[in-house]
Amino acid sequence: MTLLRKGAEANIYLENWHGLKVILKKRLPKKYRIQELDSMIRKLRTIREVQLIHDAKLIGVSTPLLYSVDLEKKTIIMKHIEGLRVKEALNAPDFLEKEKLCFNVGNLIGKLHNAGIMHGDLTTSNMILSKDKIFLLDLGLGEHSTDLEDRGVDLLLIKRALQSEHCIFFKKGFNALIAGYQEVVGDKAAKEVTKRLKEIESRGRYMLRRDM
Amino acid sequence: MTPKIYCLGVESTAHTFGVGIASSDLEILVDVKSVYKPPLGQGIHPKDAAQHHCKEAPSVLYQALKKFGYKPDLIDAIAFSLGPGLGPALRTGATVARAIATWLAKPLIPVHHAIGHIELASLLTGSKDPLVLLVSGGHTTITAFVEGRWRVFGETEDITLGNLLDVFAREASLPSPGGSSVESFAKKGVEFIDLPYVVKGNDVSFSGILTAVKEKFEGDYRLEDICFSLQEVAFSMLTEAFERALAYTEKKEVLLVGGVAANKRLQQMIQEVSEEHDAAFFVVPKKYSGDCGAQIAWTGVLAHQSGVYIDVEKSFINSKWRLDEVNSPWRVG
């Protein structure tokens, strides 16, 4: 078992499972919570992640194939998606279709929002570009919602990620993303969400550190 | 060398009418207050709080000046809580502050109540650039100083933590202050009762818990277990949101302030996540955790040094003043 990534919520391991190369995601206990509550929360989030991975597939958004879920150990075993993280693709000098990729990311977020699925943790690290498909990961903080505010926050999360990880390309990238989003949700909805996005930003929260 | 500055501060945002005097030599010289206690089982009615403040103001002010050796002429500026808070209560303090400023012909300084909490706690703990958790009856806010202002990185979407504890304590006829009653009952809790755990990004929502604990109280549960579960769920939610903000801002200091900061279990949880992120943990001393004039007086000293004043004619209170609308030119960041 190799540790690939240490997240705030979970650790990600690469593992051999019955001869398959798989990803094992394990939600770790939090010391500050009493054991009973902690176990319950990790269980709920594991269930939520699995459900949303499934729901996303139904609306044509690619997510990893699920192999096994263990609610006692709070682990999910899923297919290992070969490819580049969108973050890496956007930073790679030899990757030329950056704007198209952002357009497609916008498209994908639009599909989720049309179906009332909020991702809750959208970053360019949570998406993998595999051949021509974008796979969406880390849906454990997501939820079903049609609230304008939730959609605004979701878009703001990805905007913030683009801003901090891909500053130089940010403007073009974000415009392309919004264009992709608009294509799926329609002009009116896109306008409403981007307007709310600005409002949320003007409240002064979710702002970037200068050194990022 | 700049001469020593004295500032008198008036606090009246909610149940407390307080007068404090602080100096630019980092001293809190005077801190006098009178706290309005509503009848058992009732909340603070803004009008009653204001009446209490009107009645108590002369004697609180008199005691403060007495402790200062009856030397009002030494005072260089008058600061007061401009907001946020209960309108009628704020107006009482503002009236007192305007009167003193006019009488002494000294400048009037508007102070944001939350910044008062943070600045006094910073002075007393030595914390320089913290991620702050402000938890009281009026606030539940995760904030850090970025680009000239206290920016909000997370907050309650509905009622505050102090409000949650107070309202439940009242429902359960526990003596005031509600928060410490709940804390002492919680220590004897053993059985965990499931309550709504709502964290949205960096925000929390407590109204679901309040409804649930009221129902549990009517049902067949021990009060100790309800208090225990109430604390565990509400504090865990807040700690989770706080941990996310800490990971995001990468601050190396943590400062816990406000009335609920006195709660030992909350302190323990916030200290644990602070240590996990290698951040130094500071908590406001209990004596100054609640609302008091010293918070306003000390912030007034800082504001005076930066030339932040307000004309008496324009010194309208702002009961909904948001923290991230206020500049703090004396802070670096």
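Residues numbered from 1 in each chain as written. Chains lettered and ligands numbered in written order. Predicted model: local features only at pLDDT ≥ 70, side-chain atom pairs only at ≥ 80, totals over all residues.

### Topic: the environment of D147 of chain A
Next up, step 1: By secondary structure assignment, the location of D147 of chain A is in the loop between β10 (143–144) and α4 (148–165).
Next up, step 2: It is 9.4 Å that separates the C-alpha atoms of D147 of chain A and M118 of chain A, two residues lying 29 residues apart in sequence. (Helix = DSSP H or I, 4+ residues; strand = E, 2+ residues; numbered from the N terminus.)

### A closer look at the interface of chain B and chain A
Next up, step 1: On the side of chain A, 15 residues touch chain B, which itself brings 20 residues to the contact.
Next up, step 2: For the side of chain B that touches chain A, the element with the highest residue contribution is helix α7 (residues 223–249) of chain B, accounting for seven residues.
Next up, step 3: A breakdown of the residues in the side of chain B that touches chain A according to their chemical character gives nine nonpolar, four polar and seven charged. (Contact = placed C-beta atoms within 7 Å. Nonpolar A, V, L, I, M, F, W, Y, C, P; charged D, E, K, R; others polar.)

### Regarding the sheet that holds strand β8 (residues 149–155) of chain B
Residues and elements named next belong to chain B.
Next up, step 1: If you trace the five strands from one edge of the open sheet to the other, you get β8-β7-β6-β11-β12, paired in mixed fashion. Across the chains shown, the open sheet's two edge strands, defined by having one partner strand only, are β8 and β12 (280–283). Going across the sheet, the axis of each strand differs from the next one's by a mean of 25 degrees, ignoring polarity.
Next up, step 2: This element, helix α3 (residues 113–125), spans β6 (131–135), β7 (140–146), β8, β11 (253–257) and β12 of the sheet and lies at about 120 degrees to β11. (Pairing = 2+ DSSP bridges. Axes fitted to C-alpha atoms, helices over the stretch in contact; angles between N-to-C directions.)

### Remarks on the pairing of strand β5 (residues 108–112) of chain B
For a regular strand, side-chain orientation follows a simple rule: the groups alternate between the two sheet faces.
Residue and element names in this part refer to chain B.
Next up, step 1: Most of β5 is tucked away, with five of its five residues classed as buried.
Next up, step 2: Of the two faces of β5, the one lined by L108, P110 and H112 and the one lined by I109 and V111 are each fully buried.
Next up, step 3: Bridging between strand β4 (residues 77–83) and β5 involves five bridges; their strand directions are parallel. Residue pairing in the sheet places S81 in a bridge with V111 of β5.
Next up, step 4: Note that the unit made of β4, helix α2 (residues 87–104) and β5 has a crossover that is right-handed. (Buried ≥ 20, exposed ≤ 12 C-beta atoms within 10 Å, placed from the backbone. Right-handed = clockwise from strand over helix to strand, strands pointing away.)

### Some words on the domain arrangement of chain A
Residue and element names in this part refer to chain A.
Next up, step 1: Domains assigned within chain A are domain 1 (2–79) and domain 2 (84–202).
Next up, step 2: Computed over C-alpha atoms, the centres of domain 1 and domain 2 are 23 Å apart.
Next up, step 3: Listed by partner, the interface residues are 14 residues for domain 1 and 13 residues for domain 2.
Next up, step 4: For the side of domain 1 that touches domain 2, a count of residues per class yields six nonpolar, three polar and five charged. (Domains from an automatic or database assignment.)

### Quick word on the confidence of the model for chain B
Low-pLDDT portions of the prediction should not be read for the details of their coordinates.
Next up, step 1: For chain B, per-residue confidence averages 95 on the pLDDT scale, and 100% of positions sit at 70 or higher.
Next up, step 2: As scored by the predictor, the complex reaches a pTM of 0.86 and an ipTM of 0.85. (pLDDT = per-residue confidence, 0-100.)

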